[in-house]
Amino acid sequence: MDEFTFIDQIKQSLYKQPALVKGIGDDAAVFRQSAQDIVTAADTLVEDVHFSRALMDALYIGYRALAANISDIAAMGAAPAFYLVSIVIPDSCSDEELNDIYKGMSYAASDHRMDLIGGDTVSGNELSIAITVIGFVNRKQARLRSAAEPGDVLFVTGTLGDAAAGFHILNSNKFYKDSSYYMDRHRMPQIRSAFAKQLEPLTRVALNDISDGLANEANEIAEASHVSLTIYENQLPVRDSFEQFSEEEQHKWKLYGGEDFELLGAVPESEWEQLKSIAARNSTPLTAIGYANNRENKDHHVWLVDDSHTPKRLMKKGYTHRSR
Ligand SMILES: Nc1ncnc2c1ncn2[C@@H]1O[C@H](COP(=O)(O)OP(=O)(O)OP(=O)(O)O)[C@@H](O)[C@H]1O
Ligand SMILES: Cc1ncc(C[n+]2csc(CCOP(=O)(O)O)c2C)c(N)n1
Ligand SMILES: [Mg+2]
Ligand SMILES: [Mg+2]
Ligand SMILES: [Mg+2]
């Protein structure tokens, strides 16, 4: 299939977003927005770094690629609206696989009412999917990592370590309980977009999505907000069947696994009850895992309290590119 036939094929016949003026089909897309702030992010997924075609069908690859991007928009408290996809296609990728990647993305897009408004198609040696996402948030309401303050309650949505467990299961031929749940958490992450958008009434919330693991993301909040954080290891939410994995695996996956795309945040203690009711309305599991320390603690570190009750530093460690 040539480039032009392909573009015609992936082009939406109907667009959902009222802000769109021109979608696919010209030199660039146009949208108009005057009332809200525009939020944009980009993430690239590369074969054998972020996914393996041997382990995962093309539909999942597409779904996951867009989901990872939507997660950054959710982590800003914004509503996703548009996406652009630049894809590098190797000869080994069939037309059917390519269509399935786009189909997977369109499933994630319909879950979040998003329109595909552009991109680029290039032949190359390695399958690589670079996505740009655009969303909207009420003026000055973007939820920054730098918003945490001493005394805040630290929370996470959902359960931790599931995606890493799923990736482990996909790579193994052993029997595991609940395996399709874990594999789906890796292949089709469900983004907490509706929940994030409904945090609008809160006066202040620091948010970060967990793409690189709790340890990394918590350190990012600590550094950006100039606070130190305390996390209780025994309060970290995990799936019941998570106990089937070794202690070492559990520890590693829930703290450093990443790709759960859950939200980590900090809110004033006075707004914790309100946050709980927003989560309940959205059927979003919510757990308090610690707090932002008082100002006397002048470092900007993250402290992990385990059963020995002695805080140990939780280092900014996880999946980091170029340092392996
Ligand atoms: N190559 C780059 N050029 C310009 N800005 C970049 C580049 N890589 C990252 N950034 C910027 O650095 C900041 C942090 O990006 P980072 O990719 O670490 O966050 P993230 O997308 O939330 O995490 P992850 O990629 O693990 O999902 C963002 O503002 C991002 O736009
Ligand atoms: C084939 C394969 N190998 C390893 C992993 C694990 N992995 C890749 S990137 C990443 C963190 C986020 O990256 P980024 O910072 O680019 O968003 C993790 C945990 C995977 N998913 N697939
Ligand atoms: Mg990124
Ligand atoms: Mg992020
Ligand atoms: Mg990201």
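Residues numbered from 1 in each chain as written. Chains lettered and ligands numbered in written order. Predicted model: local features only at pLDDT ≥ 70, side-chain atom pairs only at ≥ 80, totals over all residues. Heavy atoms only, no water.

Within an unreviewed UniProt entry, the label attached to the chain reads Thiamine-monophosphate kinase, and the organism entered is Lentibacillus cibarius. Note on the chain: under the UniProt heading Sequence similarities (unreviewed entry), the record states "Belongs to the thiamine-monophosphate kinase family." If you open the UniProt record of the chain and go to Pathway (unreviewed entry), you find "Cofactor biosynthesis; thiamine diphosphate biosynthesis; thiamine diphosphate from thiamine phosphate: step 1/1." (UniProt positions renumbered as here; feature names shortened; annotations may be inferred.)

## What about the overall build of the chain?
Along the chain, the regular secondary structure elements total nine helices and 13 strands. Taking 20 Å as the expected radius of gyration for a compact globule of 324 residues, we find that the chain reaches 20 Å, a close match to that expectation. In terms of its C-alpha atoms, the chain occupies a principal-axis envelope of roughly 60 × 55 × 35 Å. Taken across its 324 residues, the chain has 49% of its residues classed as buried. (Helix = DSSP H or I, 4+ residues; strand = E, 2+ residues; numbered from the N terminus. Rg over C-alpha atoms; globule rule 2.2 N^0.38 Å. Buried < 20%, exposed > 50% of the residue type's maximum accessible area, 1.4 Å probe, protein only.)

## Considerations on the UniProt feature "domain: PurM-like C-terminal" (unreviewed entry) in the chain
What UniProt calls "domain: PurM-like C-terminal" (unreviewed entry) maps, in this numbering, to residues 149-297. Secondary structure across residues 149-297 divides into 38% helix and 17% strand, with the first and last C-alpha atoms of the span separated by 12 Å.

## Remarks on the site of ligand 1
Around ligand 1 sit D43, D72, R145, S211 and D212, and that is every residue in its neighbourhood. Between ligand 1 and D43, the relevant distance is 3.0 Å, taken from an oxygen atom to a side-chain nitrogen or oxygen of the residue. D212 is positioned with one of its side-chain polar atoms (N or O) 2.9 Å from an oxygen atom of ligand 1. Its free accessible area being 620 Å², ligand 1 has 32% of it covered by the protein chains. Residue composition of the shell around ligand 1, grouped by class: no nonpolar, one polar and four charged. (Near = heavy atom within 4 Å. Polar contact = N/O pair within 3.5 Å; in protein donor to acceptor, adjacent residues only side chain to side chain. Areas by Shrake-Rupley, 256 points an atom, 1.4 Å probe, with all protein chains shown as cover. Nonpolar A, V, L, I, M, F, W, Y, C, P; charged D, E, K, R; others polar.)

## Quick look at the domain arrangement of the chain
By a frequent convention, interface size equals the accessible area lost on bringing the separate parts together. For the chain, the assigned domains read domain 1 (3-138) and domain 2 (145-313). The straight-line distance from the C-alpha centre of domain 1 to that of domain 2 is 27 Å. A buried area of about 1800 Å², summed over both sides, lies between domain 1 and domain 2, and 60% of it is on carbon and sulfur atoms. It is L55, Y60 and R64 that lose the most area in domain 1 upon contact with domain 2, and together they represent 30% of the buried surface on that side. (Domains from an automatic or database assignment. Buried area = accessible area lost by both parts, 1.4 Å probe.)

## Digging into the coordination of the magnesium ion (ligand 5)
Looking at the magnesium ion (ligand 5), one finds its protein donor set to be D43 (OD) and D72 (OD), positioned 2.1 to 2.3 Å from the metal centre. Between the magnesium ion (ligand 5) and the magnesium ion (ligand 3), a separation of 3.7 Å is found, and both are coordinated by D43. One end of the pair, D43, is in strand β3 (residues 36-46); the other, D72, is in helix α2 (residues 58-74), and 29 residues separate them in sequence. Owing to a relative accessible area of 29%, D43 belongs among the partly exposed residues under this scheme. Residue class for D72 comes out buried when judged on its relative accessible area of 19%. (Donors = N, O, S within 2.8 Å, 3.2 Å for Na, K, Ca; no water.)

## As for unusual backbone geometry
We note that D178 has phi near 65°; this positive angle belongs to a residue other than glycine. Relative to the helices and strands, D178 is located in the loop between α4 (162-170) and α5 (179-187). When its relative accessible area of 29% is taken as the criterion, D178 is described as partly exposed.

## Some words on the environment of D95
With respect to the helices and strands, the residue D95 is situated in helix α3 (residues 95-111). For D95, a relative accessible area of 39% corresponds to the partly exposed category. With 89 residues separating them in the primary sequence, D95 and F6 have C-alpha atoms 8.9 Å apart.

## Here we look at the site of ligand 2
Taken together, 14 residues sit near ligand 2, with V49, H50, D212, E259 and H321 positioned nearest. Isolated, ligand 2 exposes 520 Å² of accessible area, and the fraction of that covered by the protein chains is 83%. The residue makeup of the shell around ligand 2, split by class, is four nonpolar, six polar and four charged. Shared between two domains, the shell around ligand 2 holds at least three residues of each, these being domain 1 (3-138) and domain 2 (145-313).

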